[in-house]
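What the coordinates show
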Amino acid sequence: MNTVFDCSIIALEKVKNRAGNLSSVQNLNNVPFEINRIYYIYDVPSGSDRGGHAHKELEQFVIAVSGAFDVLLDDGVNKTTIRLDRPNNALHIKKGIWRETRNFTSGCICMVIASHLYDPDDYIDEYENFKLYRTQK
Ligand code: TYD
């Protein structure tokens, strides 16, 4: 089972020129899983919390492409909070980790690169069920 210590910030290359910066995420290259879905979260009202679930199989790269937000990671024993505030940093969240996202800055855009298509059955939505899932694994 993964712990929060298996989740890490991956520094993406920043290609700079006079006209600005560019970073890329490439399948099975700087992202260590097969990319099957990309989604993005935007227009987050001030003070909103999101997340509040774990995934049984899904892995994700989470990137603050604009603005900043906090990601709380919890493996049932250890907790850590990571502030994502650079478009060239990706947080790799492994499967089986509880996450919550909060403190979104105004106009923030959170891009998520995911290993699987959207599947509601992959979610563990209740924290008590997550604790049980972790202890039974
Ligand atoms: P959810 O995964 O709970 O978002 P967050 O973790 O940011 O709070 O999804 C919110 C809603 O969006 C939920 O009704 C499911 C839907 N959704 C999709 O339709 N497709 C997707 O790819 C995702 C991630 C969510």
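These lines cover the structure that appears in this document, whether it is placed above or below. (Residues numbered from 1 in each chain as written. Predicted model: local features only at pLDDT ≥ 70, side-chain atom pairs only at ≥ 80, totals over all residues. Heavy atoms only, no water.)

**Some thoughts on the sheet that holds strand E7 (residues 69-74)**
- Reading across from one edge, E8-E7-E10-E5-E12 is the order of the five strands in this open sheet, with antiparallel pairing throughout. Strands at the two margins of the open sheet, each flanked by one partner only, are strand E8 (79-84) and strand E12 (123-124).
- Sheet topology places E7 next to strand E10 (residues 98-102); five bridges connect them, and they run antiparallel. Its bridge partner lying in E10, Leu73 is registered against Arg99. (Pairing = 2+ DSSP bridges. Helix = DSSP H or I, 4+ residues; strand = E, 2+ residues; numbered from the N terminus.)

**Description of the sheet that holds strand E1 (residues 8-11)**
- One open sheet accounts for five strands, arranged E1-E9-E6-E11-E4; its pairing is antiparallel. With partners counted over all chains shown, the strands left at the sheet margins are E1 and strand E4 (37-41), one partner each. Taken pair by pair, the neighbouring strands of this sheet meet at an average axis angle of 25°, ignoring direction. (Axes fitted to C-alpha atoms, helices over the stretch in contact; angles between N-to-C directions.)

**Remarks on the layout of surface pockets**
- In this structure, the largest pocket spans a volume of roughly 240 Å³.
- In this structure, the largest pocket is lined by 15 residues; those nearest its centre are Tyr39, Ile41, Gly51, His53 and Val112.
- Counting only elements with at least two residues in the lining of the largest pocket, the list comes to E4, strand E5 (50-55), strand E6 (60-66), E10 and strand E11 (109-114).
- Residue composition of the lining of the largest pocket, by class: eight nonpolar, four polar and three charged. (1 Å grid on protein atoms, 1.4 Å probe; cavity = no way out; pocket = protein on both sides within 12 Å on 5 of 7 lines; lining within 4 Å. Points joined across faces, edges and corners; volume = space filled by probe spheres on them. Nonpolar A, V, L, I, M, F, W, Y, C, P; charged D, E, K, R; others polar.)

**With respect to the pairing of E8**
- As paired elements, E7 and E8 share six bridges and run antiparallel to each other. When the sheet's bridge partners are listed, Leu72 is paired in E8 with Thr81.
- Counting the residues in the hairpin turn of E7 and E8 gives four residues, including Gly76, whose phi is positive at 95°.

**So, the side chain of Ser115**
- Within the element layout of this structure, Ser115 appears in the loop between E11 and E12.
- According to the relative accessible area criterion, Ser115 is buried, its value standing at 7%.
- One polar contact links Ser115 to His116, side chain to side chain, over a distance of 2.7 Å.
- Discounting residues that sit within four places of it in the chain, Ser115 has contacts with Phe33, Glu34, Asn36, Glu57, Leu58 and Glu59. (Buried < 20%, exposed > 50% of the residue type's maximum accessible area, 1.4 Å probe, protein only. Polar contact = N/O pair within 3.5 Å; in protein donor to acceptor, adjacent residues only side chain to side chain. Contact = heavy atoms within 4.5 Å.)

**Some words on the pattern of salt bridges**
- Scanning the entire structure with this criterion turns up four salt bridges.
- Across the salt bridge formed by Lys95 and Glu57, the nearest N and O atoms sit 3.1 Å from each other. Of this pair, Lys95 sits in the loop between strand E9 (89-93) and E10 while Glu57 sits in the loop between E5 and E6, placing them 38 residues apart in sequence.
- Classification of Glu57 as partly exposed rests on a relative accessible area of 41%.
- In this structure, Asp70 and Arg83 form a salt bridge, with 2.9 Å as the shortest nitrogen-oxygen distance. Of this pair, Asp70 sits in strand E7 while Arg83 sits in strand E8, and the two are 13 residues apart along the sequence.
- Residue classification places Arg83 among the partly exposed positions, given a relative accessible area of 39%. (Salt bridge = Lys/Arg side-chain N within 4 Å of Asp/Glu carboxyl O.)

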